[in-house]
Amino acid sequence: MSASIRVADHIFAHLAGGGVSHVFGVDGADIEDLFDAAHFCTEVTAVPAQHEFSAAAMAAGYSRSGAGLGVVMTSSGGAALNVVPGLAEALSSGVPVLALIGQPSATSGPHGTADPLRAETVFSAVSVFCERVGEPADILTALPRAIIAACAGGPAVLLLPKDIQQSMLDPAGLRRHRDNGHAPRPRIGDPHPLTRALRHARGPVTIIAGGQVARDDARAELEGLRAVLRAGVACVPDAKDVAGCGSPSDLGVTGVVGHPSVAEAVADSALCLLVGTRLPPMARAGLDAALRSTRIVSLGSAPPHWPCTHVHTDDLQISLAQVRRALAGRRVGAADPMPHTELTPPPYDGAGVRYRPAMQVLDRVLPDDVNVVVDTGNAGAAALHYLPARRGGRFLVALGMAGMGYSFGAAIGMAIGRRRRTVVIAGDGAFYRHGMEVHTAIEHRLPVTFVLFNNNAHAMCATRERLHFGDQHSYNRFRPSRLGAGLSSMFPELSAVDVSELDALAPALTAALAADGPSVVSVECSADEIPPFAPFLAAVEQPPIGARAVPGGHELVAVRASA
């Protein structure tokens, strides 16, 4: 006869049975029973973070690594609210994450409610599924439903009162529900509208690929279709690694840090095919005119924000293969892909290491199988624009709702999920937000190398101030710091150095990548160098009335990437 089991232990048995090997979170009174259950579940390792936001980023990084469902656990109140931005990013980017949010016991609140924050209202706004577990037996159906909802692409939330976590489940109920949790068959739409449009295309086809290609592990199928179409492929910023990686068909990245070749290719196309992307505003910037002049069709799990013909699919492997087979032996209009071009910011000759040469060094030194996780800000814009994705690793950025500092937690989840060296590229402003997750990497001896571009500023904000208001004031510049030396003093076992000259960067990176565990390379750069970020370059062309002109400003032009 089956023995009774606590709800908390059942949750971990179910997660382990589904292949989850790691969960992330911050312990606290209303979630401690789940951490206790994690300790006694030998198949799952709990990774405590320094902050709940970073724990959510770790879960997302683990999920995006392809290792399986990312799980974050946190307590109630302020701890629960801290995880909201991380879930909002997962919602924006369609990342499968399960959030287990502890709540006070159902009998502990005033007038019969234990939730003065109205957590269900809060979390429903940043998730694809949110449910409060009101009775112990409810977990038997709520947990499978939450996992299925998350795996469809987005965060799912279970609100778990402490007394529910501690309650025992009836063995008979466990037997009745032991088969719950199997995901439904994926919904695969009829690809005929796409194949018809592609057959009738009278000219070149351009593909814009998104994150669902990576989530569905459909890179090979995308390349097969690209070859049939002889198409150029562009990627949205958070999917830079899903196609091309330097091949002649690689048009570059779309959006505010994108390559001019993408808009040119779309404008010259007879048809543009969106694959696994909703084309959100940050990814669409600069493309609107080209999209209006070109027929657009879409294939993916959610319709894009741009109106067009859309075919739904929960599995791009299946659907892309269907489209390729339907087009086999048929001549589709094509042309040679356009050359990959870059933006050219104004020249800057001040102190510090320049962004583009630094990214060229990274490109030479980074092995082909490392993962790269890029933060927001000037350094992140430079990495997205200049640094090619590694053919054997992931290239991750979060431009939805994550904000600065996301890369530190996401890289930890990525390194655990993929079990290989992961490189963070972030600025000092991002480091000051959530950089103490370096300590988490040290605790778990994770192969993470943090490359910090230290310009002693929130440089993207400082650049905006300078471009839009001249040199009248700044709230976003810091007193100088030595991040490498500081971290080395804090953590004597951590390999951490400061680099102020370009010639020293390659040997410093080589040593950091060979470290047994985490390492840090802090690169001294300047907040006054303008990165390849289209809105800044447009502002350089037309300084605001009354503001001083930016030295070196000139017209926004594109150059071949090989220049």
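My aim in this report is to walk through the structure given alongside it, one point at a time.

Rules used throughout
- Residues numbered from 1 in each chain as written.
- Predicted model: local features only at pLDDT ≥ 70, side-chain atom pairs only at ≥ 80, totals over all residues.
- Heavy atoms only, no water.
- Pairing = 2+ DSSP bridges.
- Helix = DSSP H or I, 4+ residues; strand = E, 2+ residues; numbered from the N terminus.
- Axes fitted to C-alpha atoms, helices over the stretch in contact; angles between N-to-C directions.
- Contact = heavy atoms within 4.5 Å.
- Salt bridge = Lys/Arg side-chain N within 4 Å of Asp/Glu carboxyl O.
- Buried < 20%, exposed > 50% of the residue type's maximum accessible area, 1.4 Å probe, protein only.
- Core = buried A, V, L, I, M, F, W, Y, C linked by side-chain atoms within 4.5 Å.

For the rest of this paragraph, the subject is the sheet that holds strand β12 (residues 271-275). Across the sheet, six strands lie side by side as β11-β10-β9-β12-β13-β14; this open sheet has parallel pairing. Edge positions in the open sheet fall to β11 (250-253) and β14 (309-312), since each of these has one partner strand only. Mean inter-strand twist for the sheet, computed between neighbouring axes without regard to direction, equals 20°. Inspection of the sheet shows strand β9 (residues 205-209) paired to strand β10 (residues 232-235) by four bridges, in the parallel sense. Each residue of the ladder has a partner; that of I208, found in β10, is A234. Sheet contacts for helix α12 (residues 219-229): β9, β10 and β12; angle to β9, the most-contacted strand, approximately 165°.

In a structure, side chains of opposite charge can pair up when their charged atoms sit close to one another. Going through the model one piece at a time under the given rule, you end up with 18 salt bridges. Here R187 ties to D314 by a salt bridge, and the two come within 4.0 Å at their closest N and O atoms. Of this pair, R187 sits in the loop between α9 (171-176) and α10 (192-199) while D314 sits in the loop between β14 and α16 (316-327), and the two are 127 residues apart along the sequence. According to the relative accessible area criterion, R187 is exposed, its value standing at 55%. Judged by relative accessible area, which is 27%, D314 ranks as partly exposed. Among the ionic pairs, R354 bridges to E529, the shortest N-O distance being 3.2 Å. Highlighted residues: R354 in the loop between β15 (341-343) and α17 (355-365) and E529 in the loop between β21 (519-524) and α25 (534-541), separated in sequence by 175 residues. This pair shows no difference in class: R354 is buried, exactly as E529 is.

Formed by 57 residues in total, the largest nonpolar core has its most connected members in L87, F123, F450 and L452. Not counting residues within four places of it along the chain, the set of residues in contact with F123 comprises A80, V83, V84, L87, I101, C130, V157 and L159.

Let's shift gears to the sheet that holds strand β4 (residues 70-74). Spatially, the six strands line up as an open sheet ordered β3-β2-β4-β5-β7-β6, and their pairing is parallel. Since the sheet does not close on itself, it has two edges, and those belong to β3 (45-48) and β6 (129-132), each with one partner. The mean angle between the axes of side-by-side strands here comes to 20°, regardless of whether they run parallel or antiparallel. Relative to strand β7 (residues 155-161), β6 runs parallel, the two sharing four bridges. Across the sheet, E131 pairs through a bridge with L158, a residue of β7. Packed on one face of the sheet, helix α3 (residues 52-64) meets β2 (22-25), β4 and β5 (97-103) and runs near 165° to β4.

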